[in-house]
Number of protein chains: 2
Amino acid sequence: MSKNAYHHLKDLLGSDYYDAIEDRITYAYDGSGLKHLPDAVLMPRTVDHVSEILRTAGRYGVPVTPRGAGSGLTGGAVPPAGGLVLTMDHFNRIIQIDTENFLAVVEPAVVTADLHAAVENVGLFYPPDPASMYFSTIGGNIAEGAGGMRAVKYGTTRDWVMGLEVVLASGDVIHTGSKCIKDVVGYDLTRLFVGSEGTLGVITRAIVKLIPNPEAIKTLLAVFGSMDAASRAVPDIFQHGLTPRTLEFMDKRVIRAVNRVVDSGIASDAEAVLLIEVDGPCEAVEIGIEEVARVCRANQALEVLVARDEKERERLWKSRRSIHSALEALPFKWAEEDVSVPRSSVATMVAAIEDIGRKWDMEIACFGHFGDGNIHVNLSPRGDRDKAQRLYAARQELYENVSSLEGRIAAEHGIGLVKKEDVRWNIDEPTLNLMAGIKKLLDPAGILNPGKVFPNGMRDQ
Amino acid sequence: MSKNAYHHLKDLLGSDYYDAIEDRITYAYDGSGLKHLPDAVLMPRTVDHVSEILRTAGRYGVPVTPRGAGSGLTGGAVPPAGGLVLTMDHFNRIIQIDTENFLAVVEPAVVTADLHAAVENVGLFYPPDPASMYFSTIGGNIAEGAGGMRAVKYGTTRDWVMGLEVVLASGDVIHTGSKCIKDVVGYDLTRLFVGSEGTLGVITRAIVKLIPNPEAIKTLLAVFGSMDAASRAVPDIFQHGLTPRTLEFMDKRVIRAVNRVVDSGIASDAEAVLLIEVDGPCEAVEIGIEEVARVCRANQALEVLVARDEKERERLWKSRRSIHSALEALPFKWAEEDVSVPRSSVATMVAAIEDIGRKWDMEIACFGHFGDGNIHVNLSPRGDRDKAQRLYAARQELYENVSSLEGRIAAEHGIGLVKKEDVRWNIDEPTLNLMAGIKKLLDPAGILNPGKVFPNGMRDQ
């Protein structure tokens, strides 16, 4: 890194500039397990700081990798080219919760679950619920386009962002969107930044939409003798006009893994489990959950448990919540995949995944969000021969199957470093070229989170 | 227009190429009343046609104005620089209604109400309902970011577009979004095109999201003795956890105008009316509409009428539906404005509009969508002196007030030709420059709908 840039930024940031080796190590990795040392870590306190940092970095060609809580799973916050990590920790205020217009103005480092708590406290609801919500931040959620379990009814983070303040690579500060439900003034730039993984700008403020807290929630767990039976129940639920707020599934391998670590109450010969929640007005929820139970039974559910109170609800969630630790406890090193298909193709996709596992001799375990088509596939090659090659081949076949079902190779975990060579499975060349053109327009020197999202060697990269 | 371009396009399109004066006149205007003759009108049948048209236009520098049904109110479909009008009439198929995944694939010339009917026929619901829906098209709705009455609960067109096929000015065909609820592959380009008024590309196909048809709808009309009382009722309704699907208002002048043309049943000394609909599961709707009625009464409603059947529902809608003809029947030439503010500021805004009317000696009549903050302001200068100047001054004061309340100068009718000099009320210079940069990137020769959206003399225009 240029010495001049270093001096200038140290002057600007004072004690918010870190370059001790222990600081650099702390900010070298994220949830993906990938690691690369930055040259310095900056913790700006103002939008002007962020502007000046980007202007300076642009002048000296120093890479800048913006970072939230570093919980991302695809390397979005890892600085592969070194340079600066820009960590937004000081931007941690909930600036406004507007109980009349149902919106909140937040800074990016607000932890998502803290926003949940703050708005629920005044009777409102922010639906996006990525699994990381107790430590990930709103800024990171926006940058990654984070999803969650409630997406089946409420969509993902992108559906809840009304407007953004963003510092561009030039140092210019722009404002997208507004507090208005109806707004057609100029181009709608908000979503261009949602899911752009810090490659187009640094988010310094967001307006998010809220809704009234649902009056009631009911939870149900249904056990099936086959994945096929479970997957027939799902469209049937929707055909009855019901839109659950969560509709999770676990395959038999996940069920068995879970049963090794918790008393889930699920029979170990179960082949598939659906965990379903309905929310809304009290009466509608009572009727709705009974209807869901009826539909599950009509589709050969072996057992249907409806939680009668919060304690029982917690018990039903126990299995779902322990998936991660249950899979970790097995003697396999898992590669976790995150793909999505239109809901009606989940069963086809799970069957295709079985075939892929057999073909490439792998342990496979699937769970995820049946209702929104998002499958988390855990792959672990058996034996020692050609593990990396088999994993690569299996992943390519997975993406091929996903694409042929009009699905996506990345659903809610981003592209980052991990999947950048695979985006062409979903994005044709003219569209990818346009994306690269937009990147070039917004960041001509290529300083913002370089090496992410786009395949290596892309034109304009 | 270059003779070569003309010959080439005539060869390509054959009988779908029109340049008789009567054809050119037919496509010279839109709902704004503005008019400019195109040199030729093209009615392409395939995406390849559209590509070739744009490539040819680019080569010869011929302007291309894409057009849906021409019902827009701000001149978006008028070709101020002449050239080609590209009317999409042949792209009129509903390609797929996916009853399992709740989405439809449509071509742009599908009339919005026809899509409503087709999906409702299989138990599904496409919520956006611009007033023009019986003649406007999905493509036009997307290009303009059209709103409607149900936006208070369901948002506007932009909230229902999952993906687009777009022909760029270069002739390249791109694909944004997907059929997946969760999709984080590459940048999210869909919304960049929604509301871009044909300045960034020509939409040739769209994937739109659907939901199950609500089980029940109930309608209520509440009459108030003051706008203040009506506007206190609105937040109170939302505070009770109710989100109506429509929440319309009329001011006293609109009520009196309506009473001259229909038997509305509303007392002529009423100062404000709210027309409210609740939808959802049967039981919740019954309870919800009673709650809304109770809240209106608690806020000094003089009268609350709840429709007991479809016939009574039609009767309550009669006044709302006759607003346009009622205002037209008055001896005033109205200029209609379309602004929005956060819901809690509607009453403040209506009072400010009264002041503006008094100051500039104007007839003023307001109605619109209280629930989403969208006010349609009708202005008509009294007397003959300096009418245009006073109208200009009143509009500028309107925009100033709107902006100071964090509102928007255009809510659902676009910018087009009519408001392009006013966008700086809402958009700061760095943001406007970015928009202009994106326009330049996507349309370097400036052939796509030139003269729209951006102020004259803007850098890069």
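You'll find the structure just up there.
All values reported here derive from a predicted model rather than from experimental measurement.

Novice: Help me get a handle on the overall build of chain A, residues and values and all.
Specialist: Check the secondary structure of chain A and you find 15 helices and 18 strands. Its C-alpha radius of gyration of 23 Å places chain A within 12% of the 23 Å reference for a compact globule of 461 residues. The C-alpha extent of chain A, read off along each of the three principal axes, is 70 × 60 × 45 Å. Look at the contacts in chain A between residues 6 or more apart in sequence, and 71% of them connect residues 24 or more apart. Here chain A displays about 16700 Å² of accessible surface, and carbon together with sulfur accounts for 50% of that area. Each charge class in chain A can be summarised by its mean position, and for the 50 positive and 63 negative side chains these summaries are 3 Å apart.

Novice: A description of the sheet that holds strand 10 (residues 202-209) of chain A should follow, citing residues and the corresponding values.
Specialist: All names here are of chain A. Across the sheet, five strands lie side by side as 5-6-10-8-9; this open sheet has antiparallel pairing. Edge positions in the sheet fall to strand 5 (94-98) and strand 9 (173-177), since each of these pairs with one other strand and no more. Strand-to-strand twist of the sheet, defined as the mean angle between neighbouring strand axes without regard to direction, takes the value 10°. As defined by bridge partners, strand 8 (residues 161-167) adjoins strand 9 across five bridges and the pair is classed as antiparallel. Paired with Glu165 across the two strands is His175, which belongs to strand 9. Set on the sheet, helix 4 (residues 112-120) makes contact with strand 5, strand 6 (103-106) and strand 10; between it and strand 5 the angle comes to about 35°.

Novice: Give a detailed account of the sheet that holds strand 4 (residues 84-87) of chain A, specifying residues and quantitative values.
Specialist: Residue and element names in this part refer to chain A. With mixed pairing, four strands are arranged side by side in an open sheet as 1-2-4-3. If you trace the sheet from one side to the other, it starts and ends with strand 1 (17-18) and strand 3 (64-67), each paired once. Two strands pair when backbone bridges link them, and strand 1 and strand 2 (residues 40-42) are joined in this way by two bridges, in the antiparallel orientation. Bridge assignment links Tyr17 to a residue of strand 2, and that residue is Leu42. Sheet contacts for helix 3 (residues 47-60): strand 2, strand 3 and strand 4; angle to strand 4, the most-contacted strand, approximately 165°.

Novice: Before we move on, could you go through the relation of the copies chain B and chain A and cite the residues and values that matter?
Specialist: When chain B is fitted to chain A, the best match, at an RMSD of 0.0 Å, comes from turning it 180° and sliding it 0.0 Å along the axis. Read as a symmetry element, the transformation amounts to a two-fold axis. Comparing contact sets, 100% of the residues at the interface of chain B also lie at the interface in chain A, consistent with an isologous, same-surface contact.

Novice: Can you break down a nonpolar patch on the surface residue by residue, with the values?
Specialist: A surface patch of nonpolar side chains, amounting to about 240 Å² of accessible area, comprises Ile21(A), Ile25(A) and Leu37(A). The class for Ile25(A) is partly exposed, based on a relative accessible area of 45%.

Novice: Please set out the environment of Ile142(B) residue by residue, giving values where relevant.
Specialist: Residue and element names in this part refer to chain B. Among the secondary structure elements, Ile142 is positioned in helix 5 (residues 138-144). Measuring from C-alpha to C-alpha, the distance between Ile142 and Ala257 comes to 32 Å, with 115 residues separating the pair along the chain. Residues in contact with Ile142, not counting those within four places in the same chain, are Thr157, Val161, Leu164, Phe193, Val194, Gly195, Ile203 and Ala206.

Novice: Any details on the state of the cysteines? Residues and values, ideally.
Specialist: Within this structure, the stated rule accounts for zero disulfides over all chains. For Cys366(A), which is in no disulfide, the shortest distance to another cysteine sulfur is to Cys180(B) and amounts to 16 Å. Relative accessible area serves as the criterion here: at 1%, Cys366(A) is assigned to the buried category. No disulfide involves Cys296(B); its nearest neighbouring cysteine sulfur is the one of Cys366(B), lying 20 Å away.

Novice: Quick rundown of the interface of chain B and chain A? Include the residues and the values.
Specialist: Opposite the 85 residues of chain B that make contact, chain A presents 85 residues. For the pair chain B and chain A, the two sides together bury roughly 6800 Å², of which 60% comes from carbon and sulfur. In this assembly, chain B and chain A are joined by 12 salt bridges. Lys182(B) serves as the salt-bridge partner of Glu412(A), at 3.0 Å between the closest nitrogen and oxygen. For the pair chain B and chain A, the number of links is 36 residue pairs in polar contact (both at pLDDT 80 or more). Looking at the side of chain B that touches chain A, the elements with two or more residues in it are helix 6 (151-154), strand 9 (173-177), helix 7 (190-193), helix 8 (227-239), helix 10 (282-298) and helix 15 (429-442) of chain B. Looking at the side of chain B that touches chain A element by element, the count peaks at nine residues for helix 15 of chain B.

The rules behind these values
- Here, residues in each chain are numbered from 1, in the same order as that chain's written sequence.
- Chains and ligands are labelled sequentially in the order written, the chains with letters from A and the ligands with numbers from 1.
- The predicted origin of the model limits local features to residues at a pLDDT of at least 70 and limits the giving and counting of side-chain atom pairs to 80 or more, whereas totals for whole chains, interfaces and linings rest on all residues.
- Note that the side-chain values use all heavy atoms of the structure and ignore hydrogens as well as water.
- The secondary structure listing takes helices from DSSP runs of H or I that are at least 4 residues long and strands from runs of E that are at least 2 residues long, numbered from the N terminus.
- For the radius of gyration, the atoms used are the C-alpha atoms, and the globule rule reads 2.2 Å times the number of residues raised to 0.38.
- Throughout, a contact is declared for two residues whenever any of their heavy atoms are within 4.5 Å.
- Note on areas: Shrake-Rupley, 1.4 Å probe, and residue coverage restricted to the protein chains presented here.
- Note on charges: Lys and Arg go in the positive column, Asp and Glu in the negative column, and His and the chain ends are not counted at all.
- A charge is said to be at NZ when it belongs to Lys, at CZ for Arg, at CG for Asp and at CD for Glu.
- A pair of strands is treated as paired once DSSP finds two or more bridges between them.
- Here the axes come from fitting lines to C-alpha atoms, over the contacting stretch only for helices, and the angles between their N-to-C directions go from 0 to 180 degrees.
- Residues below a pLDDT of 70 in either copy are left out; the C-alpha atoms of the rest, at least 70 in both, set the least-squares superposition of the copies.
- Nonpolar side chains (Val, Leu, Ile, Met, Phe, Trp, Tyr) are joined into patches within 5 Å and like charges within 9 Å, using only residues with over 30% relative accessible area and no salt bridge.
- Salt bridge, as applied in this entry: a Lys or Arg side-chain nitrogen positioned within 4 Å of an Asp or Glu carboxyl oxygen.
- With a 1.4 Å probe rolled over the protein chains alone, any residue whose accessible area is under 20% of its type maximum counts as buried; one over 50% counts as exposed, and the rest are partly exposed.
- Cysteine sulfur atoms that come within 2.5 Å of each other are treated as a disulfide pair.
- Note: buried area is the sum, over both parts, of the accessible area (probe 1.4 Å) each one loses when the two are combined.
- Any pair of nitrogen or oxygen atoms within 3.5 Å is treated as a polar contact; in protein, a donor-acceptor pairing is required on top of that, and neighbouring residues in sequence qualify only through side-chain atoms on both sides.

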